[in-house]
Amino acid sequence: ETVIEAKGLTKRYDTATAVDSVNFSVAAGEIFGLLGPNGAGKTTTILMLLGLSDISAGTARVFGHDPMREPLAVKRRVGYLPDLVGFYDQLSAADNLHYTARLMGMSLGERKRRIPEALARVGLADVAGKKVGAFSRGMRQRLGLAEIVMKDARVAILDEPTNGLDPQASLELLDLIRALKAQGVSILLSSHLLDRVQTVCDRVALFNAGKIALMGTVEELGRQV
Ligand code: ADP
Ligand code: ADP
């Protein structure tokens with residue numbers, strides 16, 4: 001089963017083509033990595049999949065939905081962790097999740113059940129009542145994953161999830177990403193680092209200047225580079 005599909009996906013800006021006829025698909029249950037240097041087109045690809053950026057040419061499908069025509073259908077099913085995840089610094093971790101869950105229309109009963117569970121899953125149970133303003137970047141990223149868990153998203157799109165994390169926090173986050181996969185969540189993640197991140201990926205696409213230069217399993221690519 002294919003959960004995300006890009007065919008000839010293209011984004012042209014006035015000055016440049018950020019994403020140039022990209023083809024890839026993410027199968028149910030896998031972790032697929034978009035890897036490549038800064039400026040290669042990874043974020044732009046993600047924004048198009050989410051319906052947050054117009055598609056210049058080609059098609060994107062998320063669970064068969066066209067993000068341009070049905071952005072809400074896509075948003076409901078996808079958990080998105082942007083490069084810089086925004087929370088209300090003056091609210092606690094739990095209250096941030098309550099706020100988002102209310103906007104999603106989740107009942108109080110459901111929130112009271114799911115939010116502590118989600119915070120526990122990412123190791124933030126002890127600081128559920130602490131203001132997010134005091135959180136480290138690693139804790140914010142984990143709170144972002146908690147939001148995805150709370151939402152019970154079947155697909156998670158994570159943009160540079162380990163960016164700015166120290167090695168320890170980075171490893172912890174990768175473990176949580178593996179745990180999400182073990183729960184049956186399909187994951188698309190991006191990274192400009194070609195080291196630890198790809199160890200969690202089943203398959204990767206190497207982006208360069210808006211194009212996919214190489215695609216395959218990490219083992220296959222290891223033999224080519
Ligand atoms: P990555 O996520 O791989 O770092 P991006 O998708 O952010 O790459 O950027 C790809 C290219 O598109 C870069 O050259 C970037 O400067 C350009 N770009 C991104 N967003 C815009 C925009 N809104 N307008 C013009 N150019 C953009
Ligand atoms: P679109 O809705 O077409 O996807 P965006 O909302 O991503 O466009 O960007 C709006 C404008 O912001 C762009 O037209 C561009 O002028 C500017 N911009 C944003 N990011 C970048 C970037 N990385 N490089 C150059 N310009 C950018």
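Provided above is the structure to which this section pertains.
The rules we used
Here the residue index of a chain counts from 1 through its sequence in written order. Written order decides the labels, with chains lettered from A and ligands numbered from 1. Note on the predicted model: pLDDT of at least 70 is required for a residue's local features to be given, and 80 or more for side-chain atom pairs to be given and counted; whole-chain, interface and lining totals, by contrast, use all residues. Remark: hydrogens and water are excluded; side-chain values derive from all non-hydrogen atoms of the structure. Here the term buried applies to any residue with accessible area under 20% of the maximum for its type, exposed to any over 50%, and partly exposed to those in between, with areas from a 1.4 Å probe on protein chains only. Secondary structure elements follow DSSP: runs of H or I of four or more residues count as helices, runs of E of two or more count as strands, with numbering from the N terminus. Between any two strands, at least two bridges found by DSSP are needed for them to pair. The angle between two axes is taken between their N-to-C directions and runs from 0 to 180 degrees, where each axis is a line fitted to C-alpha atoms and a helix contributes only its stretch in contact. Neighbouring residues are identified by heavy atoms, a residue being near a molecule or strand if any of them is within 4 Å of it. Side-chain atoms alone can form a polar contact between residues adjacent in sequence; in general such a contact is a pair of N or O atoms within 3.5 Å, and within protein one must be able to donate a hydrogen while the other accepts it. For the area figures, the Shrake-Rupley method with a 1.4 Å probe applies, and any residue is considered shielded solely by the protein chains shown. Residues are grouped as follows: Ala, Val, Leu, Ile, Met, Phe, Trp, Tyr, Cys and Pro are nonpolar; Asp, Glu, Lys and Arg are charged; every other residue, Gly included, is polar. Angles below 35 degrees are treated as roughly parallel, those above 145 as roughly antiparallel, those between 65 and 115 as roughly perpendicular, and all remaining angles as oblique. Helix crossings are classified by the rotation of the near helix relative to the far one: an anticlockwise turn of less than a right angle makes the crossing left-handed, while a clockwise turn makes it right-handed. We call two residues contacting when some pair of their heavy atoms lies within 4.5 Å. With a 1 Å grid laid over protein atoms only, a set of points is called a cavity when a 1.4 Å probe fits there but cannot get out and a pocket when it is open yet has protein on both sides within 12 Å along at least five of seven lines; lining residues have an atom within 4 Å of a point. Grid points are joined across faces, edges and corners, and a volume is the space filled by probe spheres set on the points.

Undergrad: I keep staring at helix H1 (residues 42-49) and nothing clicks. Help me out?
TA: The α-helix advances 3.6 residues per turn, and as a result positions three or four apart in sequence lie on the same side. Across the eight residues of H1, six count as buried, placing the element largely inside the fold. Among the residues making up H1, those that are buried are Lys 42, Thr 44, Thr 45, Ile 46, Met 48 and Leu 49. Positioned one or two residues after H1, Gly 51 has a phi angle of 75°, which is positive.

Undergrad: Just to check I follow, could you spell out the sheet that holds strand E2 (residues 17-27) for this structure?
TA: Each strand in a sheet pairs with another by means of backbone hydrogen bonds, the pair being arranged parallel or else antiparallel. Strand order across the open sheet formed by three strands is E2-E1-E4, with antiparallel pairing between neighbours. Looking at which strands have only one partner, the edges of the open sheet turn out to be E2 and strand E4 (57-62). Neighbouring strand axes in the sheet, compared pairwise and without regard to direction, differ in orientation by 15° on average.

Undergrad: How do you make sense of the site of ligand 2 when you look at a structure like this?
TA: Near ligand 2 the following residues occur: Lys 11, Tyr 13, Ser 53 and Asp 54. Measuring from an oxygen atom of ligand 2, one finds a side-chain N or O atom of Lys 11 at 3.0 Å. Between an oxygen atom of ligand 2 and a side-chain N or O atom of Ser 53, the distance comes to 2.7 Å. In isolation ligand 2 exposes 560 Å². Once the protein is present, 22% of that is buried.

Undergrad: I keep staring at the site of ligand 1 and nothing clicks. Help me out?
TA: With respect to spatial proximity, the complete set of residues near ligand 1 consists of Tyr 13, Ala 18, Pro 37, Asn 38, Gly 39, Ala 40, Gly 41, Lys 42, Thr 43 and Thr 44. One nitrogen or oxygen atom from the side chain of Lys 42 is found 2.7 Å from an oxygen atom belonging to ligand 1. When ligand 1 is considered free in solution it has 570 Å² of accessible area, and contact with the protein chains removes 58% of it. By residue class, the composition of the shell around ligand 1 is four nonpolar, five polar and one charged.

Undergrad: Can you help me understand the packing of helix H4 (residues 108-121) against helix H5 (residues 137-151) in this one?
TA: Two quantities define a packed helix pair, namely the angle between the axes and the distance from one axis to the other. Where H4 meets H5, the axes come as close as 8 Å, and the angle between the chain directions of the two elements is 135°. Classed by the angle they form, the pair H4 and H5 counts as oblique. As H4 runs across H5, the sense of the crossing is right-handed. Residues Arg 114, Ile 115, Ala 118, Leu 119 and Arg 121 of H4 lie in contact with H5, whose contacting residues are Leu 143, Ala 146, Val 149, Met 150 and Lys 151.

Undergrad: Whenever I open this one, the packing of helix H3 (residues 93-103) against H4 confuses me. Can you help?
TA: The geometry of H3 relative to H4 is characterised by a closest axis approach of 10 Å and an angle of 130° between their N-to-C directions. When the axis of H3 is compared with that of H4, the two are oblique. Along this stretch, H3 crosses H4, giving a crossing that reads as right-handed. Contacts between H3 and H4 involve Ala 93, Ala 94, Leu 97, His 98, Ala 101 and Arg 102 on the former and, on the latter, Arg 111, Lys 112, Ile 115 and Leu 119. Looking at the contact of H3 with H4 residue by residue, the class counts come to six nonpolar, one polar and three charged.

Undergrad: What should I look at first to understand the layout of surface pockets in this one?
TA: Gaps left between atoms show up when a probe the size of a water molecule is rolled over them. A volume near 580 Å³ is recorded for the largest pocket. At the level of secondary structure, the elements contributing two or more residues to the lining of the largest pocket comprise helix H2 (71-77), strand E5 (78-81), H3 and H5. For the lining of the largest pocket, the residue count by class is 13 nonpolar, five polar and four charged. Each pocket or cavity is described by its volume, and for the second largest pocket that value is around 200 Å³. Along its surface, the second largest pocket is lined by 14 residues, and Glu 117, Arg 121, Val 149, Met 150 and Asp 152 are the ones closest to its centre. Counting residues per element, the ones that place at least two in the lining of the second largest pocket are H4 and H5. When residues of the lining of the second largest pocket are assigned to their parent elements, the largest contribution, five residues, is made by H4.

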